[in-house]
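Chain and residue survey
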Amino acid sequence: MSFFKRLKDKLIGNPTEEEKVAEIIEEEAAEQKQDEATEPAQIEAIVDENEKAEEVSVTEATSETEIPVASEDQEQQEQQEQQEQQEQQEEVQEVAIVEEPVKEKKPSAWSITQKFKTGLEKTRNSFTSKVNDLVARYRKVDEDFFEELEDLLLQADVGFETVMELMDKLRFEVQRKNIKDTSGIQTIISEKLVEIYEQGEEDLIELNMQPKGELTVILFVGVNGVGKTTTIGKLAHRLKSQGKTVVLAAGDTFRAGAIDQLQVWGDRVGCEVIKQSEGSDPAAVMYDAIRAAKNRNADVLICDTAGRLQNKVNLMNELEKVHRVISREVPNAPHEVLLALDATTGQNALVQAQTFKEATNVTGIVLTKLDGTAKGGIVLAIRNKLHIPVKFVGLGEKMDDLQPFDAERYVYGLFADGLDKELQNSED
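Parameters at a glance
- Residues numbered from 1 in each chain as written.
- Predicted model: local features only at pLDDT ≥ 70, side-chain atom pairs only at ≥ 80, totals over all residues.
- Heavy atoms only, no water.
- Axes fitted to C-alpha atoms, helices over the stretch in contact; angles between N-to-C directions.
- Helix = DSSP H or I, 4+ residues; strand = E, 2+ residues; numbered from the N terminus.
- Parallel < 35°, antiparallel > 145°, perpendicular 65-115°, else oblique.
- Contact = heavy atoms within 4.5 Å.
- Nonpolar A, V, L, I, M, F, W, Y, C, P; charged D, E, K, R; others polar.
- Buried < 20%, exposed > 50% of the residue type's maximum accessible area, 1.4 Å probe, protein only.
- Pairing = 2+ DSSP bridges.
- Right-handed = clockwise from strand over helix to strand, strands pointing away.
- Patch = residues over 30% accessible without salt bridge, like charges linked within 9 Å, V, L, I, M, F, W, Y side chains within 5 Å.
- Areas by Shrake-Rupley, 256 points an atom, 1.4 Å probe, with all protein chains shown as cover.
- Salt bridge = Lys/Arg side-chain N within 4 Å of Asp/Glu carboxyl O.
- Lys, Arg positive; Asp, Glu negative; His and termini not counted.
- Charge placed at Lys NZ, Arg CZ, Asp CG, Glu CD.
- Core = buried A, V, L, I, M, F, W, Y, C linked by side-chain atoms within 4.5 Å.

It is worth spelling out the packing of helix α8 (residues 185-198) against helix α14 (residues 378-386) at this point. α14 packs onto α8 with a crossing angle of 40 degrees between their chain directions and a minimal axis gap of 8 Å. Considered as vectors, α8 and α14 are oriented oblique to each other. Of the residues in α14, those in contact with Leu193, Ile196, Tyr197 and Glu198 of α8 are Val379, Leu380, Arg383 and Asn384. Along the lines of polarity and charge, the residues of the contact of α8 with α14 split into five nonpolar, one polar and two charged.

Set out below in structure tokens:
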């Protein structure tokens with residue numbers, strides 16, 4: 001399937017199962033608002049019906065004692081009531097006609113794509129504008145064009161190895177298709193970036209969730225200050241919106257205020273937080289949290305950990321102990337080890353990822369603050385160098401701004417302006 005075909009699917013429909021869940025949640029919220037809005041009208045209608053029923057019963061009661069003579073006043077009153085009922089029905093129909101277009105909304109596939117476009121605005125403004133200028137200056141695809149494109153990609157923190165691989169693929173594609181001018185070159189760049197990221201694999205973003213009735217344990221690691229605790233709260237909110245029961249474990253007993261911060265997020269999203277006093281053994285907290293999660297028949301347990309990167313030996317020993325306790329209580333757990341990285345740190349995020357990869361078996365990356373950096377190319381560098389998939393990205397401060405990473409949407413966010421034009425030209 002071509003890049004444009006996949007991109008159209010992401011832009012205008014064919015949502016994934018997760019997007020369908022998001023759609024259902026939006027529809028339920030809309031229905032709830034509609035019910036709240038119509039409830040007073042329904043109550044008023046019931047009251048009117050009861051009053052009319054009482055009037056009918058009074059009329060019937062009086063008709064038993066009086067001679068049923070239809071006066072002109074009664075006929076006029078009945079005609080007036082019928083006319084009022086007809087006018088009310090017409091008003092209801094008019095309201096329904098007016099409200100019908102309001103119910104129509106963009107599918108969740110579109111709204112999620114827009115989040116990527118908005119979240120990558122800083123990178124797009126600094127990187128893609130330069131690519132557009134480059135394409136405008138070079139009418140022909142030659143070696144000078146490739147050298148300048150190479151510099152732009154390196155400035156966006158795509159990474160040296162990734163850039164070299166991309167340049168080789170682009171040169172081969174240009175030669176194979178005998179491409180002479182730069183029109184449509186952004187589409188080829190986009191396709192190759194997606195290929196480099198996916199590396200022939202599928203379902204990279206899917207969490208390793210256990211069957212219903214079994215506890216899924218997700219372990220979060222990462223240095224202090226990268227937004228790890230905030231990300232845990234957002235992920236808990238996401239899982240709860242999917243109908244799962246979530247328990248949080250305050251395993252970062254080293255950093256002052258970490259336990260209280262997680263408790264604030266637990267209260268905000270409605271999740272129980274299992275904790276001990278500051279300075280306690282993190283492995284003991286994990287043991288208590290697993291027992292509590294099992295007793296409460298929870299679906300997911302999300303575990304926070306300390307981020308003491310300054311002492312690598314202590315970090316490794318602590319994570320190994322935590323890992324050992326979890327796997328002893330829940331076979332094959334933790335089912336996911338997610339590493340939180342700050343996208344604004346650029347290449348330094350690669351160093352952190354390498355260190356934690358040595359300390360524990362990292363299964364996925366959560367890249368926070370992607371909306372706050374002009375070097376969003378770090379996503380490709382992490383994937384290509386460490387061979388660890390980016391499972392979630394932070395695209396804002398709101399509760400639902402933690403989004404599953406999607407290669408097509410990410411590349412669209414980088415090249416949105418140019419791709420929109422090429423997509424329109426392809427349709428024409």
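What follows covers the pairing of strand β5 (residues 336-342). For β5, the tally of buried residues reaches seven of seven residues, placing the bulk of the element in the interior. Residue alternation in β5 divides its side chains into two sets, Glu336, Leu338, Ala340 and Asp342 and Val337, Leu339 and Leu341, and both sets are buried. Judged from the four bridges that link them, strand β1 (residues 216-221) and β5 form a sheet pairing that is parallel. Residue pairing in the sheet places Phe220 in a bridge with Leu338 of β5. Of the strand pairs in this sheet, β5 and strand β6 (residues 364-368) are connected by five bridges, and their pairing is parallel. The residue bridging Leu339 from the neighbouring strand is Ile365, located in β6. What joins β5 to β6 is helix α13 (residues 347-359), and the crossover it makes is right-handed.

This part takes up a negative patch on the surface. Negative charge collects at one region of the surface, where Asp142, Asp144, Glu147 and Asp151 lie side by side. Residue placement: Asp151 occurs in helix α6 (residues 143-155).

Nonpolar side chains tend to gather and get buried jointly when the protein is soluble and globular. Phe145, Leu149, Leu301, Ile326, Leu367, Phe405 and Tyr410 are the most contacted members of the largest nonpolar core, which has 83 residues in total. No other element matches the seven residues that α8 contributes to this core. Those residues in contact with Ile326, other than ones at most four positions away along the chain, are Val217, Leu219, Met286, Ile290, Cys303, Ala333 and Pro334. One finds Leu207, Leu248, Leu262 and Val269 within the second-largest nonpolar core, a separate group that totals 22 residues.

What follows deals with the pairing of β1. Within a regular beta strand, the side chains point alternately toward one face of the sheet and then the other, so they alternate between its two faces. Most of β1 is tucked away, with six of its six residues classed as buried. Residues of β1 alternate between two faces, with Thr216, Ile218 and Phe220 on one and Val217, Leu219 and Val221 on the opposite face, all of them buried. Relative to strand β4 (residues 300-303), β1 runs parallel, the two being bridged by four bridges. What sits directly across from Ile218, in β4, is Ile302.

Remember that the coordinates give geometry; whether it matters functionally is a separate question.
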